[in-house]
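As a plain string of letters, each chain reads:
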Amino acid sequence: MTRFDVRMGLTRRELLQGVAAAGLTASVPGLARAGSSDIKRILTNSHWGAFEATVKGGRITDVTPFSADPVPSPMVYNFPELVHDRTRVAQPMVREGWLKSRERSNGMERGREPFVPVDWDTALGLVADEQQRVRELYGAEGIFAGSYGWGSAGRLHYASILTNRFFAKGGGYVDSVGNYSYGAGMMLLPHVLGSNQAIGGPVTSWSVIEAHTNLVVLFGGAAFKNGQISWGGTGAHTTEPAMRAARAAGVEFIAVNPVQEEDARAIDAEWLRIRPNTDTALMLALAQELVATGRADEAFLDRYTVGWPQVRAYLAGANDGVPKTPEWAAAITEIDAGRIRALAGQMADSRTMIMTSWSLQRADHGEQTWWATILLASVLGQIGLPGGGFGFSYTSTNGIGSPVTRHAIPVAARGRNPLRRSIPVARIADMLLSPGETFQFNGEDRTYPEIHYVHWAGGNPFHHHQDLARLTRAWAVPDTIVVHEPWWTPTARRADIVLPATTTLERNDIGASHRDRWLIAMKQVIDPVGQARNDFDIYADLAERQGFRSEFTEDRDEMGWLRHLWEKGRERLALDDVALPDFDTFWEAGAVELPVGDAGYVFLADYRGDPEGFSLRTPSGRIELFSETIAGFGYDCCPGHPAWLEPRAWLGARDGAQLHLISSHPKWRLHSQMDNAPLAKAAKINGREPIMINPEDAAARGIAAGDIVEVFNERGRMLAGANVTDHVRPGVVVVYEGAWVDHDRDLGFDRHGNPNMVIEDQGTSRLGQGCAAQTCLVSLRRFGTDAPAVTIYDPPAIVG
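It should be emphasised that the depicted structure is a prediction, and the values quoted were computed from it without experimental measurement.

Cut-offs applied
- Starting from 1, residues in each chain are numbered consecutively following that chain's sequence as written.
- Predicted model: local features are reported for residues with pLDDT of at least 70 only, side-chain atom pairs are reported and counted for 80 or more only, and whole-chain, interface and lining totals are derived from all residues.
- Hydrogens and water molecules were not included; the side-chain quantities draw on all heavy atoms of the structure.
- Angular values range over 0 to 180 degrees, each being the angle between N-to-C directions of two axes fitted as lines to C-alpha atoms, with helices fitted over their stretch in contact.
- Secondary structure elements follow DSSP: runs of H or I of four or more residues count as helices, runs of E of two or more count as strands, with numbering from the N terminus.
- Oblique is the label for every angle not falling under 35 degrees (roughly parallel), over 145 degrees (roughly antiparallel), or within 65 to 115 degrees (roughly perpendicular).
- Take the far helix as the reference: if the near one is turned anticlockwise from it by less than a right angle, the crossing is left-handed, and if turned clockwise, right-handed.
- Every residue pair with non-hydrogen atoms within 4.5 Å of one another is taken to be in contact.
- Here, a strand pair is defined by DSSP locating no fewer than two bridges between the strands.
- Throughout, nonpolar core names a set of buried Ala, Val, Leu, Ile, Met, Phe, Trp, Tyr and Cys residues whose side chains join them through atoms within 4.5 Å.
- Note on classification: 1.4 Å probe, protein chains only; a residue is buried when its accessible area is under 20% of the maximum for its type, exposed when over 50%, partly exposed between these limits.
- We define a salt bridge as a contact between a side-chain nitrogen of Lys or Arg and a carboxyl oxygen of Asp or Glu at a distance within 4 Å.
- pLDDT is a residue-level measure of predictor confidence that goes from 0 to 100.
- Put simply, Ala, Val, Leu, Ile, Met, Phe, Trp, Tyr, Cys and Pro go in the nonpolar bin, Asp, Glu, Lys and Arg in the charged bin, and everything else, Gly too, in the polar bin.
- Here is the rule: rings of Phe, Tyr and Trp (six-membered ring for Trp) pair when centre to centre is within 6.5 Å. Planes less than 30 degrees apart are stacked, more than 60 are edge-to-face, and the remainder are tilted.

## Topic: the packing of helix α11 (residues 279–292) against helix α15 (residues 337–349)
Interhelical geometry of α11 versus α15 gives an angle of 65° and a closest axis separation of 9 Å. Relative to α15, the element α11 lies roughly perpendicular. Considering how the two elements wind past one another, α11 and α15 form a crossing that is right-handed. Counting all contacts with α11, which are made through Leu282, Ala285, Leu286, Glu289 and Leu290, the residues of α15 involved are Ile340, Arg341, Leu343, Ala344, Met347 and Ala348.

Okay, structure coming up:
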């Protein structure tokens, strides 16, 4: 089987032709013929973009991207196959061993034992009884419902919010805080900037960058692929057009990245082939070079920041005797000292925007990279000027830097959790394996609860968590695990009770993102597949069995909630003199375009203009280059100012045979969503997730393009398909995250290629406790025998 090269702008017909050429053997319904009398075309929305679905005979046969979308994502073409795929969960299922022994069943059999189909009444009764049993014996502390994941687009049917709401109304639960995307950064920035606006926006708009910026330095690279998605729904993709327009206007791009992405090549970005996990050292050396050459903006640093004297002393080596010079950084980063000096001069001589990706803080001491970004931008002194400064999300998701809008279609309220107890989201395995253990988090000492019941909806922890073998051991601890899921994902296979959930195409909702100007009526396209039900209805019936249905639903059904949310949004927008039509008019029209917001927005311009009147919400009211608060925590893993802290695993201290594994966001799926769809399957190599490897490293190991290779370390093993390319620097390999893990516990490896099989489950620091997936060393060898077949797309055994 050959690999199909996915690109933006594909038509569905081109996609299907490419899939067929790749030898993919999935069933592909024919395209609907215009003029057929039973054809319906219905507009809807998704994380990947809005589209019109063509329905014939109760099945989706084609999709057409939303006409207002300038660069539609090809992922929307997956839906006809995906929604009818054989991996759909047909009806409620119960693990055979749990059905026989309930809470006394062997948790290590999760993922191995067959399932027994039951009707909805039986399934809901089992779930409600188990929730009540656990509450009576262990209280709310025994229930974990911090269900994490992207879920689905829409303002009502957002699975994790509905899960939190149900358990809050039902008496409380252990929650999770933060996220896997930028969990370390979101804990750091309130200490340094007073908020997380630099992540979620608004940030300086692309139109301002196009008009005023001379140089964009991309730490972490440029990736149009990340701009394919927006939480809540995407009416128009803006990231790629904005970057291309900036380049056409003469903006110069430099990509600091171990990988030369095709998107960076599209904007003619110079490639600086940095060692992974060393960006902080480069930023510190750039700052020190600006100081040494008299280019640091001392007036800005004095007026708008605190802690500069301490940081300046650190840069000069007063603390450790090591000046952070270009030569010092060159030995760490493997970027030439002369190029570092020249880059510092370029940045000082230009109106410079620093864009640092989410991925860089997903590493050991990941907080330091973002803090060093703010330091470098402060030393340049361009924060708050048109086209200068910094931002953390421009190339990590769609809509960042779009004209600022203030629309606010709310979501259903989560409700107040009476327990008010939570863990950092990336510490779930620690919690399950170490109940009663004390841990430190953002200045607090907390204790892990003892969990007996886990409820998960709209997520796949057996994709996004690290060290999946360890998570398997942790997952065996609770008495009962309940999962809502449309498909037989790795997490659904490891549940005790699986409740089949609808997709966005099988229910009604409102598609809206606060970074998108379109509001889309997500009308139900087809009937629910099999016995699938909406999460809202599942929770409403569970609440009825436990006596709080009215509290959960507020006596509204699905359409009642959509009307309520729309009217709340109308009220909010009216305060900004934006008039929305009434709900019925909107629903009939299918889409409403909001007025374009402030295209000239400049992040922190108001603060620069009046630092007293627009002081930041930090203890000092200013940018904290040194934080007394963080210093007071006493964390050696996160001191009071940005610093170079050697990662626990990196190429500078490796066994010479090891390679640094980067697990980037994929371009053909959203994390693990759509891995069972044609696009992702066609991109596999011999049925495995591709691994990018430099020709030098491949030759040294006798690996050729298309070979199946084994990736391994002390944590685990996985198979992948070799993609030999000079677009990744020597010493580095790349496996996109998100392949459905196909862990054969008897053979001891993942047959499919999920990088989290080999990545350590360790927090970024005691401050952020974030995901540190980008810190990982592995060994690599050609798999010398016949590789076992990938079976993860086959439904599990069902008996009875």
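## Comments concerning the sheet that holds strand β3 (residues 59–65)
Hydrogen bonding along the main chain pairs the strands of a sheet, whether they run parallel or antiparallel. As summarised here, the arrangement of the three strands in space is β1-β2-β3, forming an open sheet in which the pairing is antiparallel. Strands at the two margins of the open sheet, each flanked by one partner only, are β1 (39–44) and β3. Neighbour-to-neighbour, the strand axes of this sheet turn through a mean angle of 25°, independent of strand direction. Strand direction decides the pairing type here: strand β2 (residues 51–56) and β3, joined by six bridges, are antiparallel. Paired with Thr54 across the two strands is Asp62, which belongs to β3.

## Section: the sheet that holds strand β8 (residues 215–219)
Read across the sheet, five strands follow the order β10-β9-β8-β12-β13 without closing on themselves; strand pairing throughout is parallel. Of all strands in the sheet, those bounded by a partner on one side alone are β10 (270–272) and β13 (389–391). Neighbouring strand axes in the sheet, compared pairwise and without regard to direction, differ in orientation by 20° on average. As judged from the five bridges shared by β8 and strand β9 (residues 252–256), these two strands associate in the parallel manner. Note that in β9 the partner of Val217 across the bridge is Ile254.

## A look at the pairing of strand β16 (residues 444–447)
Examined bridge by bridge, strand β15 (residues 438–441) and β16 share four bridges and lie antiparallel to one another. In the sheet register, Phe439 faces β16, and the bridge partner there is Arg446.

## A word on the nonpolar core
Among the nonpolar cores identified, the biggest contains 67 residues, and Phe219, Phe390 and Ile623 are the most heavily contacted of them. If one sorts the elements of this core by residue count, helix α16 (residues 367–380) sits on top with nine residues. If we skip the residues at most four places from it in the chain, Ile623 touches Val192, Leu193, Phe300, Tyr304, Thr305, Val306, Ile374, Ser378, Ile383, Tyr607 and Leu616. By size, the runner-up hydrophobic cluster in this structure holds 56 residues, among which are Phe144, Leu419, Leu659 and Ile759.

## A short note on the pattern of salt bridges
When the charged atoms of two side chains with opposite charge come close together, those side chains can pair. Tallied over the entire structure, the rule returns 50 salt bridges. One salt bridge in this structure joins Arg669 and Glu689, with 2.8 Å as the shortest N-O distance. Of this pair, Arg669 sits in the loop between β24 (659–662) and α27 (678–682) while Glu689 sits in the loop between α27 and β25 (690–693), and the two are 20 residues apart along the sequence. Relative accessible area serves as the criterion here: at 0%, Arg669 is assigned to the buried category. Overall, Glu689 belongs to the buried group, its relative accessible area being 0%. Each of the salt bridges in this network shares a partner with another, and the network as a whole consists of Glu103, Arg104, Glu130, Arg133 and Asp479.

## Some words on helix α6 (residues 183–192)
Counted residue by residue, α6 has eight buried out of 10 residues, so it is predominantly covered. Every buried residue of α6 is accounted for by Gly183, Ala184, Gly185, Met187, Leu188, Leu189, His191 and Val192. Those residues of α6 hidden inside the fold are in contact with α7 (197–200), α16, β15, β23 (623–624) and α26 (628–633). Following α6 by one or two positions, Gly194 adopts a phi angle in the positive range, close to 90°.

## Concerning the environment of Pro386
Structurally, the position occupied by Pro386 is in the loop between α16 and β13. Its relative accessible area of 31% is what places Pro386 among the partly exposed residues. The spatial distance from the C-alpha of Pro386 to the C-alpha of Ser205 is 9.2 Å, given a sequence separation of 181 residues. In this structure Pro386 touches Val208, His212, Arg351 and Val602, once residues within four positions along its chain are discounted.

## Re the pairing of strand β26 (residues 708–712)
For β26, the buried fraction is high: five of the five residues fall into the buried class. Because side chains alternate across β26, one face comprises the buried residues Ile708, Glu710 and Phe712, and the other comprises Val709 and Val711, equally buried. What sits between the antiparallel neighbours β26 and strand β27 (residues 717–724) is a turn of four residues. Sheet topology note: the β26/strand β31 (residues 777–782) ladder contains four bridges and is antiparallel. Paired with Glu710 across the two strands is Arg781, which belongs to β31.

## Thoughts on the confidence of the model for the chain
Residues of the chain with pLDDT of at least 70 account for 94%, and the chain-wide mean is 93. In the predicted structure, residues 1–9 sits below a pLDDT of 50 and forms 39 contacts with residues beyond four places in sequence or in another chain.

## A look at the packing of helix α5 (residues 159–169) against helix α21 (residues 535–545)
Between α5 and α21, the least distance of the axes is 10 Å, while the angle of their chain directions is 10°. Between α5 and α21, the angle is such that the two are roughly parallel. Contact with α5, carried on its side by Ala159, Leu162, Thr163, Phe166 and Phe167, involves Asp535, Phe536, Tyr539, Leu542 and Ala543 of α21 and no other residues of that element. Of the residues that constitute the contact of α5 with α21, the class distribution is eight nonpolar, one polar and one charged.

## Some remarks on the packing of aromatic side chains
Here the structure, examined in full by the defined rule, presents 34 aromatic pairs. Centre to centre, the rings of Tyr148 and Tyr180 are 5.2 Å apart; their planes meet at 45°, and the pair counts as tilted. A residue pair is termed long-range when its members are at least 10 positions apart, and Tyr148 in the loop between β6 (143–144) and α5 and Tyr180 in the loop between β7 (174–177) and α6 qualify at 32 residues. Under the relative-accessibility criterion, Tyr180 is labelled buried at 7%. For the pair Tyr304 and Tyr607, a centre-to-centre distance of 5.5 Å together with 70° between the ring planes defines the contact as edge-to-face. With Tyr304 in helix α12 (residues 298–304) and Tyr607 in helix α25 (residues 605–609), the pair connects residues that are 303 residues apart, well separated along the chain. Using a relative accessible area of 2% as the deciding quantity, one classes Tyr607 as buried.

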